[in-house]
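# Fold and geometry: a report
Residues per chain are reported as follows:
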Amino acid sequence: MDPALAAAEGPRIAILTRPAGRNEALASRLQGAGWQPCILPALEIHPLSAASEDLPRPSDYGLVVFVSGNAARQYLDQLAQADGAAGWPAGVAAATVGPASAQALRDTGFFGANTTVLHPDESASTHDSEALWQVLEALPQLPARVLVVRGTQGRDWLGGKLEAHGVHVTRHAAYQRQPAAWTPDQLGTLRRWADAGVFATWLLTSGEGADAVQNQLHAAGLADWWQRCRFVVTHPSLARRLPPSCHGTSGSAMVKICVPNDESIFQAFVAA
């Protein structure tokens, strides 16, 4: 964006809505690029407890699919509480929907160097269940039993796809997501931007998060402002959760779609 144009439009506000602890590095980088970041998680992640006798063990499956980095962290915490420091069983592969969540797996230190971690690569057009299915479909043989670790809500497309191909699928909810309650101070900041005619660019990474943001803004009387904001989303399906003004050719410049890693998100903001 031309600096003179940016100055004329006012400050460039980047509202980052990923769960707590996921936004800081991106915020720092955006700030260095001239943006004013605002960390405002849309959802709170609440771990779920699991009785030891009810917790599915990875050793009973040929593959464990983690729908997100959060799913991996919460499930591995459950395993550690139930079984202590036992490592990941040899011969059991793990899978995630993209390189970022695969890195989150490796960062836990729970997986041995020889553990197979399947995921779509950086060049994939999307990092989602459909992209992971293409990876699994290319295997010489699908595992007979698969554990899908997820939250209490979310898409079940991959589980259904595996079952349609004869795989026995167990679904395990390791956490639940709830709308975050924004404070009066946080809402007051948004109102000041709205009153000043400053239209933020929002990062939205899940359908539940997009709905939570929209519901809070409507309740706060900021629906008109929301309609005129810009958006960076990490999956094409999220565009359907955005205001009607964002659809069609007139609104195409208001939405940037990218894969869900910090580099791609940063570049999408720069291009917004």
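Quantities reported herein were computed from a predicted structural model and do not represent experimental measurements.

Close approach of charged atoms lets side chains of opposite charge pair. Evaluation of the coordinates by the stated rule reveals eight salt bridges. A salt bridge links aspartate 262 to arginine 18; the shortest N-O distance between them is 2.9 Å. Of this pair, aspartate 262 sits in helix H10 (residues 262-271) while arginine 18 is found in the loop between strand S1 (13-16) and helix H2 (24-32), placing the two residues 244 residues apart along the sequence. Given the relative accessible area of 29%, aspartate 262 is considered partly exposed. Judged by relative accessible area, arginine 18 falls into the buried class, the value being 4%. Residues joined by salt bridges that share partners form a network here, namely Arg150, Asp156, Glu163 and Arg171.

Moving on: the packing of helix H5 (residues 129-137) against helix H6 (residues 157-164). At their nearest, the axes of H5 and H6 sit 9 Å apart, and the two run at 30° to each other. Between H5 and H6, the angle falls in the class roughly parallel. Once H5 is placed against H6, the crossing between them reads as right-handed. For the pair H5 and H6, contact is made by Ser129, Glu130, Leu132, Trp133 and Leu136 and by Trp157, Leu158, Lys161 and Leu162, respectively.

What follows deals with the confidence of the model for the protein. Put simply, the protein has an average pLDDT of 89, and 93% of its residues get 70 or more. The weakest mean pLDDT in the protein belongs to helix H1 (residues 3-9) at 41; the strongest belongs to S1 at 98.

If you walk across this open sheet you meet the five strands as S2-S1-S9-S10-S11, and the pairing is parallel. Among the strands making up the open sheet, the edge pair consists of strand S2 (36-39) and strand S11 (255-257). Geometrically, the sheet is characterised by an average inter-axis angle of 20° between neighbouring strands, direction not taken into account. Strands in contact with helix H7 (residues 184-195) are S1, S2 and strand S9 (201-204); relative to S1, the strand with the most contacts, it is inclined by about 150°. Docked against the sheet, H10 engages S1, S9, strand S10 (230-233) and S11, running at close to 155° with respect to S9.

Whether parallel or antiparallel, the strands of a sheet pair through hydrogen bonds between backbone atoms. Taken in spatial order, the six strands line up as S3-S8-S7-S4-S5-S6 in an open sheet, and their pairing is mixed. With one partner strand each, in any of the chains shown, strand S3 (43-47) and strand S6 (117-118) form the two edges of the open sheet. Across two bridges, strand S5 (residues 93-95) lies against S6 in parallel orientation. Among the inter-strand pairings, alanine 95 is bridged to a residue of S6, identified as leucine 118.

Take H10 next. Those residues of H10 not exposed but buried are Ile265, Phe266, Ala268 and Phe269. The arc enclosing the buried residues of H10, seen along the axis, measures out at 160°, which places them on a common side. For H10, the secondary structure elements touched by its buried residues are S1, H2, S9, S10 and S11.

Here we come to the UniProt feature "domain: Tetrapyrrole biosynthesis uroporphyrinogen III synthase" (unreviewed entry) in the protein. The UniProt feature table records "domain: Tetrapyrrole biosynthesis uroporphyrinogen III synthase" (unreviewed entry) at residues 25-242. Within residues 25-242, the helical portion is 36% and the strand portion 21%, while the C-alpha atoms at the span's ends are 26 Å from each other.

To continue, consider the packing of H2 against H10. It is the contact of H2 with H10, at a shortest axis distance of 10 Å, that shows an interaxial angle of 35°. Note on packing geometry: the crossing formed by H2 with H10 is right-handed. When H2 is examined against H10, the residues Ala25, Leu26, Arg29 and Leu30 are found in contact with a partner set consisting of Asp262, Glu263, Ile265, Phe266, Gln267 and Phe269. Classifying every residue of the contact of H2 with H10 by side-chain character gives six nonpolar, one polar and three charged.

Moving on to the environment of alanine 71. For alanine 71, the position within the fold is in helix H3 (residues 69-83). Taking relative accessible area as the criterion, alanine 71 reaches 0% and is therefore assigned buried. In this structure the C-alpha to C-alpha distance between alanine 71 and leucine 203, which are 132 residues apart in sequence, comes to 21 Å.

Thresholds applied
- Residues numbered from 1 in each chain as written.
- Predicted model: local features only at pLDDT ≥ 70, side-chain atom pairs only at ≥ 80, totals over all residues.
- Heavy atoms only, no water.
- Salt bridge = Lys/Arg side-chain N within 4 Å of Asp/Glu carboxyl O.
- Helix = DSSP H or I, 4+ residues; strand = E, 2+ residues; numbered from the N terminus.
- Buried < 20%, exposed > 50% of the residue type's maximum accessible area, 1.4 Å probe, protein only.
- Axes fitted to C-alpha atoms, helices over the stretch in contact; angles between N-to-C directions.
- Parallel < 35°, antiparallel > 145°, perpendicular 65-115°, else oblique.
- Left-handed = near helix turned anticlockwise from the far one by under 90°.
- Contact = heavy atoms within 4.5 Å.
- pLDDT = per-residue confidence, 0-100.
- Pairing = 2+ DSSP bridges.
- Arc of directions from axis to C-beta.
- UniProt positions renumbered as here; feature names shortened; annotations may be inferred.
- Nonpolar A, V, L, I, M, F, W, Y, C, P; charged D, E, K, R; others polar.

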